[in-house]
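# Examination of the molecular architecture
So the chains spell out like this:
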Protein chains: 2
Amino acid sequence: MDVDPSLSEYTELQEQESRSLLRLIEEMGIATADRTYRPGDAVYRQGEYGDALYVLVSGVLKLFRPYSGSKEATLRLLTSWDIFGHLAFAGEARQRAYAEAVTECRVTKIPKVFVERAVRQEPRVAFKIMTLLELRLVQYEELVKCLLPRETEVRLANLLPILAQKFGDRQDGVVTIDLRLTHQDLAAMVASTRESVTKVLNEMRNRDLIEVDAGRITLKDWRALVKLSGP
Amino acid sequence: MDVDPSLSEYTELQEQESRSLLRLIEEMGIATADRTYRPGDAVYRQGEYGDALYVLVSGVLKLFRPYSGSKEATLRLLTSWDIFGHLAFAGEARQRAYAEAVTECRVTKIPKVFVERAVRQEPRVAFKIMTLLELRLVQYEELVKCLLPRETEVRLANLLPILAQKFGDRQDGVVTIDLRLTHQDLAAMVASTRESVTKVLNEMRNRDLIEVDAGRITLKDWRALVKLSGP
DNA sequence: AGAGTCTTGCTGGAGCTTTTACAGGCCGTA
DNA sequence: TACGGCCTGTAAAAGCTCCAGCAAGACTCT
């Protein structure tokens with residue numbers, strides 16, 4: 001059961017930093033806009049002007065973007081304490097993806113001007129934000145790692161451990177990804193097709209690497225998966 | 001000559017922010033380690049502990065990482081005023097790629113403790129760093145955009161404008177990428193093979209989209225390239 | 001100028017993925 | 001209960017990439 005040690009540290013670190021960031025902001029008496037989104041609701045759209053820091057407090061949310069004309073790629077699947085949105089300290093920036101709630105989500109939005117005030121008043125806020133931005137970079141690097149190999153099998157072998165890390169539920173020495181994922185969902189995450197994912201997933205099941213139950217995937221042989229993903 | 005307006009703003013913004021960051025740090029009397037690297041020298045290696053902020057002052061530098069066993073992907077090609085390195089404000093982090101000088105490079109290294117001191121003393125430093133981190137995120141998003149489509153042609157059609165944006169030399173209404181790039185170099189950037197790049201580049205040349213002279217690529221028809229890259 | 005190295009160009013076959021098409025299963029709703 | 005919609009499982013054809021190998025051209029260093 002060798003979970004990449006660095007990644008699991010990152011998950012904890014992120015929760016810790018996000019929580020204390022919100023706490024600090026609250027203690028400073030700075031207003032935040034909390035809102036709940038229902039499945040399918042859009043938090044923002046690609047191209048909108050962004051000028052706020054978003055923190056996902058609970059629920060699952062996805063960032064996606066169209067590519068190759070009619071396809072859709074999921075760039076990040078977020079869970080509690082992930083941050084998202086471009087806040088554009090200098091100049092203005094547009095959102096580079098769509099943000100859509102997958103399950104019911106609670107989102108805290110901190111407008112740019114308040115973030116700036118908080119950073120000026122309290123350097124610790126700056127450290128939290130810088131750390132969270134770096135963790136977001138790491139997530140992008142993980143995505144790139146998924147996309148570099150061309151075979152769907154290898155891409156999935158890279159993706160599944162990442163999902164297990166983030167949405168994993170550990171029991172009896174195996175990890176179950178606690179999400180109902182369709183093959184289509186997985187295909188969007190590795191920029192492949194539903195058919196290829198179906199094929200690969202069945203192969204993995206036949207080789208006893210994974211188990212699928214009601215859309216929930218259990219990783220039965222982490223070591224073999226990591227081996228597949230290529231060192 | 002429609003260069004993506006947001007990306008060109010980003011290039012200027014980055015130079016501005018990096019320069020003023022270094023100026024601020026200097027004014028505060030904080031020590032930085034400046035060093036020159038020769039082509040091929042490694043600034044750091046994947047897996048090393050990172051605890052500094054690196055600023056590339058001049059030259060060209062690449063971040064790369066092995067994948068699929070024996071291949072090598074170039075994650076970012078950096079030029080003046082790009083920042084790199086994981087500095088791990090909280091906890092410790094390892095470098096997630098190799099950093100290697102392509103041409104002679106001048107690099108300013110600001111150790112983590114000094115960055116922390118500067119941020120505490122002067123909130124403006126924090127804003128600069130946060131802005132630079134966000135720009136790095138944008139660069140990763142661009143890389144992902146390159147990797148999402150599977151055909152080498154589309155990937156290159158995405159990559160070339162990005163390179164032109166960053167290394168472009170504008171003359172007579174056309175842009176020349178001011179770098180000697182071999183097909184192998186390009187292949188490493190789009191995670192493809194040298195043969196495929198050769199083929200696609202020749203096609204593009206035949207269609208009068210680009211021109212190649214001594215390893216330097218000129219984009220003759222920006223609009224058609226962007227069209228190829230898929231909206 | 002010459003030798004050696006790197007780069008480019010081209011090929012054919014093997015391997016995956018994509019595309020298209022179709023059938024059966026599951027589920028929620030009318 | 002019946003219907004429609006979404007999800008899974010297969011299959012065949014077409015396309016592109018990858019691999020291995022080879023030859024000619026360009027460049028560099030001595």
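The rules behind the values
Residues numbered from 1 in each chain as written. Chains lettered and ligands numbered in written order. Predicted model: local features only at pLDDT ≥ 70, side-chain atom pairs only at ≥ 80, totals over all residues. Heavy atoms only, no water. Helix = DSSP H or I, 4+ residues; strand = E, 2+ residues; numbered from the N terminus. Rg over C-alpha atoms; globule rule 2.2 N^0.38 Å. Buried < 20%, exposed > 50% of the residue type's maximum accessible area, 1.4 Å probe, protein only. Contact = heavy atoms within 4.5 Å. Areas by Shrake-Rupley, 256 points an atom, 1.4 Å probe, with all protein chains shown as cover. Lys, Arg positive; Asp, Glu negative; His and termini not counted. Charge placed at Lys NZ, Arg CZ, Asp CG, Glu CD. Expected span 1.5 Å × (residues − 1). Near = heavy atom within 4 Å. Polar contact = N/O pair within 3.5 Å; in protein donor to acceptor, adjacent residues only side chain to side chain. Domains from an automatic or database assignment. Buried area = accessible area lost by both parts, 1.4 Å probe. Salt bridge = Lys/Arg side-chain N within 4 Å of Asp/Glu carboxyl O. Nonpolar A, V, L, I, M, F, W, Y, C, P; charged D, E, K, R; others polar. Pairing = 2+ DSSP bridges. Axes fitted to C-alpha atoms, helices over the stretch in contact; angles between N-to-C directions. UniProt positions renumbered as here; feature names shortened; annotations may be inferred.

An unreviewed UniProt entry lists chain A under the name Transcriptional regulator, Crp/Fnr family, from uncultured Rubrobacteraceae bacterium.

### Focus on the overall build of chain A
The number of helices and strands found in chain A is seven helices and 14 strands. Relative to its length of 231 residues, chain A is compact, with a C-alpha radius of gyration of 18 Å against a globular reference of 17 Å. Dimensions of chain A along its principal axes, counting C-alpha atoms only, are 55 × 40 × 30 Å. Burial status across chain A gives 56% buried among its 231 residues. Looking at chain A alone, contacts between residues at least 24 apart form 72% of all its contacts between residues at least 6 apart. When the accessible surface of chain A is summed, it comes to about 10,200 Å², and 45% of that surface belongs to carbon and sulfur atoms. Measuring between centres, the 33 positive side-chain charges of chain A sit 4 Å from its 34 negative side-chain charges.

### Quick word on the environment of Arg207(A)
Residues and elements named next belong to chain A. Its location among the elements puts Arg207 in the loop between helix 6 (194-206) and strand 13 (210-213). The class of Arg207 is partly exposed, set by a relative accessible area of 45%. Measuring from C-alpha to C-alpha, the distance between Arg207 and Thr152 comes to 16 Å, with 55 residues separating the pair along the chain. Excluding its chain neighbours within four sequence positions, the residues that come into contact with Arg207 are Glu153 and Leu228.

### Some details on the environment of Ala93(B)
Of note, Ala93(B) is situated in strand 8 (residues 93-94). Spatially, the C-alpha atoms of Ala93(B) and Ile30(B) are 23 Å apart, while their sequence positions differ by 63 residues. Setting aside anything within four residues of it in sequence, one finds Ala93(B) in contact with Tyr10(A), Glu48(B), Tyr49(B), Gly50(B), His86(B) and Ala88(B).

### Topic: helix 4 (residues 152-167) of chain A
Look at helix 4 of chain A: 21 Å from first C-alpha to last across 16 residues, which is about the 22 Å you get at 1.5 Å a residue. Taking burial as the measure, the 16 residues of helix 4 of chain A include 14 buried ones, the bulk of the element.

### So, the protein's contact with DNA strand D
As a structural note, the neighbourhood of DNA strand D is formed by 15 residues, with Arg150(A), His183(A), Arg194(A), Thr152(B) and Ser192(B) the closest of them. Counting only the atoms of DNA strand D within 4 Å of the protein, the fraction contributed by sugar and phosphate is 62%. At 2.9 Å from a phosphate oxygen of DNA strand D is found a side-chain nitrogen or oxygen belonging to Arg150(A). In this structure, Arg205(A) approaches DNA strand D through a side-chain N or O atom, which is 3.2 Å from a phosphate oxygen. Take the surface near DNA strand D: its biggest share by element is five residues, from helix 6 of chain A.

### A short note on the side chain of Ser229(B)
The topology assignment puts Ser229(B) in helix 7 (residues 222-229). What makes Ser229(B) buried here is its relative accessible area of 9%.

### As for the domain arrangement of chain A
Residue and element names in this part refer to chain A. Domains assigned within chain A are domain 1 (5-146) and domain 2 (150-229). Taking only C-alpha atoms, the centre of domain 1 and the centre of domain 2 are 25 Å apart. Residue-level contacts link 17 residues of domain 1 with 13 residues of domain 2. Counting the surface domain 1 buries against domain 2, the share from its top three residues, Thr74, Leu77 and Cys146, is 44%. Remark: the boundary between domain 1 and domain 2 carries one salt bridge. Between Lys166 and Asp82 there is a salt bridge whose closest N-O contact spans 2.8 Å. Taken together, the connections running from domain 1 to domain 2 amount to four residue pairs in polar contact (both at pLDDT 80 or more). For the side of domain 1 that touches domain 2, the secondary structure elements donating two or more residues are helix 1 (5-27), strand 6 (71-78) and helix 3 (123-147). Split by residue class, the side of domain 1 that touches domain 2 holds eight nonpolar, five polar and four charged.

### Examining the interface of chain B and chain A
The accessible area lost on association of the parts is a frequent measure of interface size. Across the boundary between the two partners, chain B contributes 48 residues, which contact 48 residues of chain A. Here chain B packs against chain A, burying approximately 4,700 Å² in sum over the two surfaces, 61% of which is carbon and sulfur. Put simply, chain B and chain A have four salt bridges between them. Salt-bridge contacts for Glu142(B) lead to Arg96(A); the nearest nitrogen and oxygen are separated by 2.2 Å. Elements represented by at least two residues in the side of chain B that touches chain A include exactly helix 1 (5-27), strand 5 (61-67), strand 6 (71-78), strand 8, helix 2 (112-121), helix 3 (123-147) and helix 4 (152-167) of chain B. For the side of chain B that touches chain A, the element with the most residues is helix 3 of chain B, which contributes 18 residues. Grouping the constituent residues of the side of chain B that touches chain A by class yields 26 nonpolar, six polar and 16 charged.

### Looking at the sheet that holds strand 9 (residues 98-101) of chain B
Adjacent strands of a sheet form backbone hydrogen bonds with each other and so pair up, either parallel or antiparallel. Residue and element names in this part refer to chain B. Strand order in the open sheet formed by four strands is 2-9-5-6, and the pairing between neighbours is antiparallel. Strands at the two margins of the open sheet, each flanked by one partner only, are strand 2 (42-44) and strand 6. On average, each strand axis in the sheet is inclined to that of its neighbour by 35 degrees, with strand direction left out of account. For strand 2 and strand 9, the ladder comprises two bridges, and the chain directions are antiparallel. Within the sheet, the bridge partner assigned to Tyr44 lies in strand 9 and is Ala99.

### Examining the UniProt feature "domain: HTH crp-type" (unreviewed entry) in chain A
Under the present numbering, the feature "domain: HTH crp-type" (unreviewed entry) in UniProt falls on residues 150-223 of chain A. Helix makes up 53% of residues 150-223 of chain A and strand makes up 22%, while its end C-alpha atoms are separated by 21 Å.

### Focus on the pairing of strand 5 (residues 61-67) of chain A
Residue and element names in this part refer to chain A. Among the seven residues in strand 5, six count as buried, and that is most of the element. Relative to strand 6, strand 5 runs antiparallel, the two being bridged by seven bridges. Its bridge partner lying in strand 6, Arg65 is registered against Ala73. Hairpin connection of strand 5 to strand 6: three residues between the antiparallel strands, including Ser68 at a positive phi of 45 degrees. The sheet contact formed by strand 5 and strand 9 (residues 98-101) spans four bridges and is antiparallel. If you follow Lys62 over to strand 9, its bridge partner there is Glu100.

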